[in-house]
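Spelled out from the first residue to the last, the chains are:
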Amino acid sequence: MAVGIAESLLGSSRDLEGWEDALLGPVAFPVYTPGVDGPAYMEFALLSPQPEPPDMPFGDSSQKPQPTSGGETPLVIGDCGLESRGYILVSLTEDDFPVVNYATEGSTRTECLRQRCGTSAARIVRYIGGFVAAEDQNGNLLGYLGNPPIRFASGILQYADEQYEEYVNPQGAVGPDPPPVQFGPYASYDEFKKDYLESVVYQEMRGRRKDAAKTDWDAELGREPEEILIPLGEDITILENEKVASVTFDDPDIVNYKILSVGVQMHGLKLGATLMHVVFADQSEADYILGISEKTQSAQQPTGFVWTSWQYWYAEYISFQRNYSQEPGENCVSGCGATAWAMLYGFWDMWDCLAGAFGVPDLIPGDLIAGCPTPLTNNAAVRDCIWYVVPRIETYCSGSQGATNPWDMDGGTGWAGHRGGVIDYYARYTAPLLAWTWNGPRDLAISEIKNHDRASIVGFDWHYGLAYGYRYREKRGERTGWVIRRRRHVLVNMGWGGTTPEWHNAEDLWYAARTILMWP
């Protein structure tokens, strides 16, 4: 099954640059996760391993990151096998999405970790995309890729379904009070592993992820919902023999409804269809395709469903994405939040230059590249930007990494003013790791890329990156044209230096920002 899922993604993605003639390689790597017997994922390589990235030990510090003197060599996290053709990570259980993430270049994370640890016997353990560990046969940590985990107090759960919006513009800043919840590092890898299995926060995270993945698995395994057809403009009762607790719709504008003592009364408002989710009185659940037609048709009439081709949108000047990385500090590295801000400012520098906006100050000055002064990789100017932003977004050390809460990310706007500009910032976010409850961050990031040609800082897993690409496809009824499934993926510059970008499921974004740079 896993091979079929990987081949299906690859076959539908021949229009992705780098995958025009790519094939699944002869090697696939098992990836494990706590709480699952046997492998939980299979990582398919499209080419062979490449040179070893630098090591990142799992440390512990309660201090804030501080810049070091010198530091001319930028830190590159997970930079491995850039000449490889990419990889596809497929889930072997329905606890996660069928396709977890993928890249069109670079080696698999398994290959990178084995090179880092100097052994092919390492057991690769994935917690979430932001942290993948290599263990020896006794479960001891050998190395890892990504950001070390953050300890979330159980109090975060009371904010799991909260929806936050924040503004920073020339008129001032408006934002909610941050939740009074403590975050911090783990003292050891063993302490984290135990907490990952036992804490109510991570149990809730895994449960929500599984629920969100269900529709993707239904589509992958051909478990399409039953069709229910009702006439336009008429009252009709459906599920006549069932006691229903609640009903929700993907598109609530096409129907009015009323839950009865038995069944649900429906009134179609316009032609079309929507996915309808029903929770019954006994707490069982089911999905249906509710169709609104001009006259009643047989609900048993078979309908075939087909996937459309992928559609693509990219931010302007995608070839000028900045390859910035985190900076080493005295206590820990500078963190992904400040790096994401630096990449965004580099993006705006390139935008201004290529649009002919000469005479405005450079946000990140550097050597001339393609006629523009913005550096491609870390230099002194990039370091200045990163270390200016770090204290303003309240970055703290979590192990050897810097971590930033989403309600503090607005502090990164200060660099624009420092360089003589003004920024219009708007963010949507939920509690980290507990996405899938609100589509606000996902929809904002997609809108920035699709409708405005702008890159968006996004938060997912334990990580911030810069999203600048979006791809979309839908599954439609051949007879009706009704849309029953959607897949949305965003292309993210991970802020790992030379590492190529990765495609991620847009459903698990818990933070996204709109930023518009203006000059006086």
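Quick caveat, the model's predicted, so the values are computed rather than measured. (Residues numbered from 1 in each chain as written. Predicted model: local features only at pLDDT ≥ 70, side-chain atom pairs only at ≥ 80, totals over all residues. Heavy atoms only, no water.)

Draft legend 1. Inspection of the overall build of the protein chain at higher detail. Looking only at helices and strands, the protein chain has eight helices and 28 strands in total. When contacts within the protein chain are restricted to residue pairs at least 6 apart in sequence, long-range pairs at least 24 apart make up 70% of them. In the form shown here, the protein chain has an accessible surface area of approximately 20900 Å², with 48% of it arising from carbon and sulfur atoms. (Helix = DSSP H or I, 4+ residues; strand = E, 2+ residues; numbered from the N terminus. Contact = heavy atoms within 4.5 Å. Areas by Shrake-Rupley, 256 points an atom, 1.4 Å probe, with all protein chains shown as cover.)

Draft legend 2. Representation of the packing of aromatic side chains within the structure. According to the stated counting rule, one finds 30 aromatic pairs in the structure shown. Here the aromatic rings of Tyr 186 and Phe 192 are separated by 5.3 Å at their centres, their planes lie at 65°, and the arrangement is edge-to-face. Of the two residues, Tyr 186 and Phe 192, both sit in the buried class. Consider the rings of Trp 341 and Tyr 345, whose centres lie 5.6 Å apart with planes at 25°: the pair is stacked. Taken as a pair, Trp 341 and Tyr 345 lie in helix 5 (residues 336–354) at a separation of four residues, close to a single helical turn. The class of Trp 341 is buried, set by a relative accessible area of 0%. For Tyr 345, a relative accessible area of 0% puts it in the buried group. Three or more aromatic residues link up through ring pairs in this structure, and these residues are Tyr 127, Phe 131, Tyr 144, Phe 152, Tyr 186, Tyr 189, Phe 192, Tyr 196, Tyr 202 and Trp 462. (Phe/Tyr/Trp six-rings, centres within 6.5 Å; stacked < 30°, edge-to-face > 60°. Buried < 20%, exposed > 50% of the residue type's maximum accessible area, 1.4 Å probe, protein only.)

Draft legend 3. How the structure looks around the sheet that holds strand 16 (residues 264–268). If you walk across this open sheet you meet the three strands as 13-16-15, and the pairing is antiparallel. Whereas interior strands pair on both sides, the edge strands pair on one side only; in this sheet they are strand 13 (235–238) and strand 15 (255–259). With direction set aside, neighbouring strand axes in the sheet form an average angle of 25°. Where strand 13 meets strand 16, four bridges bridge the pair, whose relative direction is antiparallel. The partner of Asp 235 across the bridge, within strand 16, is His 267. (Pairing = 2+ DSSP bridges. Axes fitted to C-alpha atoms, helices over the stretch in contact; angles between N-to-C directions.)

Draft legend 4. Looking closely at the state of the cysteines. The tally for this structure, following the rule as stated, stands at one disulfide. The disulfide bridge from Cys 332 ends at Cys 397, spanning 2.1 Å between sulfur atoms. Handedness here is read from the sign of the S-S torsion; for Cys 332 and Cys 397, about -80°, the answer is left-handed. One end of the pair, Cys 332, is in the loop between strand 20 (311–314) and helix 5; the other, Cys 397, is in strand 21 (residues 396–398), with 65 residues separating them in the sequence. (Disulfide = S-S within 2.5 Å.)

Draft legend 5. Summary view of helix 3 (residues 189–198). Looking only at helix 3, the buried set comprises Tyr 189, Phe 192, Asp 195 and Tyr 196. In a view along the axis of helix 3, the buried residues occupy a sector of 125°, so they form one face of it. Packing partners of the buried residues in helix 3 comprise strand 5 (123–128), strand 6 (131–135), strand 7 (141–146), strand 8 (151–152) and helix 4 (200–220). (Arc of directions from axis to C-beta.)

Draft legend 6. Examining the pattern of salt bridges more closely. Inspection of every chain in the model, using the stated rule, returns 23 salt bridges. For Asp 21, the salt bridge goes to Arg 85, with nearest N and O atoms at 2.7 Å. In this pair, Asp 21 is assigned in the loop between helix 1 (2–12) and strand 1 (28–31) and Arg 85 in the loop between strand 2 (41–45) and strand 3 (87–91), connecting sequence segments 64 residues apart. Under the relative-accessibility criterion, Arg 85 is labelled partly exposed at 26%. Among the charged side chains, a network of salt bridges with common partners joins Glu 94, Lys 214, Asp 218 and Arg 223. (Salt bridge = Lys/Arg side-chain N within 4 Å of Asp/Glu carboxyl O.)

Draft legend 7. Geometry of the confidence of the model for the protein chain. A residue-level look at the protein chain finds 88% of positions with pLDDT of 70 or above and a mean pLDDT of 84. Contacts for the low-pLDDT stretch residues 48–62, under 50 throughout, to residues beyond four places or in other chains number 52 contacts. In this model residues 71–78 is a low-confidence stretch, pLDDT under 50, and it forms 25 contacts with partners more than four residues away in sequence or in other chains. (pLDDT = per-residue confidence, 0-100.)

Draft legend 8. Region of the structure containing the environment of Gly 86. With respect to the secondary-structure elements, Gly 86 resides in the loop between strand 2 and strand 3. When its relative accessible area of 2% is taken as the criterion, Gly 86 is described as buried. For the pair Gly 86 and Leu 46, spaced 40 residues apart in the sequence, the C-alpha separation amounts to 5.5 Å.

Draft legend 9. Here's a closer look at helix 1. By the burial criterion, the buried members of helix 1 are Ala 2, Ile 5, Ala 6, Leu 9, Leu 10 and Ser 12. If you follow the buried residues of helix 1, they end up packed against strand 2, strand 3, strand 4 (99–103), helix 4 and strand 25 (463–477).

Draft legend 10. Spatial organisation of a negative patch on the surface. On the surface, Asp 15, Glu 17, Glu 20 and Glu 105 cluster together to form a negatively charged patch. Considering the arrangement of structural elements, one finds Glu 105 in the loop between strand 4 and helix 2 (109–117). Judged by its relative accessible area of 38%, Glu 105 falls in the partly exposed class. (Patch = residues over 30% accessible without salt bridge, like charges linked within 9 Å, V, L, I, M, F, W, Y side chains within 5 Å. Lys, Arg positive; Asp, Glu negative; His and termini not counted. Charge placed at Lys NZ, Arg CZ, Asp CG, Glu CD.)

Draft legend 11. The sheet that holds strand 14 (residues 244–249), seen in detail. One open sheet holds the four strands; their spatial order is 12-18-17-14, and the pairing between them is mixed. Unpaired on one side and paired on the other, strand 12 (226–231) and strand 14 mark the two borders of the sheet. Looking at each pair of strands side by side, their axes are set apart by 30° on average, direction ignored. Across six bridges, the pairing between strand 12 and strand 18 (residues 285–293) is parallel. Its bridge partner lying in strand 18, Leu 229 is registered against Gly 291.

Draft legend 12. Quick peek at the pairing of strand 7. Note: strand 6 against strand 7, five bridges, orientation antiparallel. Among the inter-strand pairings, Phe 131 is bridged to a residue of strand 7, identified as Gly 146. Hairpin connection between strand 6 and strand 7: a loop of five residues separates the two successive antiparallel strands, and Gly 139 in this loop has a positive phi of roughly 85°.

Draft legend 13. Looking closely at the environment of Trp 436. With respect to the secondary-structure elements, Trp 436 resides in the loop between strand 23 (422–429) and helix 8 (440–452). Distance in space between the C-alpha atoms of Trp 436 and Asp 508 is 5.7 Å, their sequence separation being 72 residues. Other than its neighbours up to four places away in sequence, Trp 436 contacts Phe 97, Met 205, Arg 208, Arg 209, Ala 212, Glu 507 and Asp 508.

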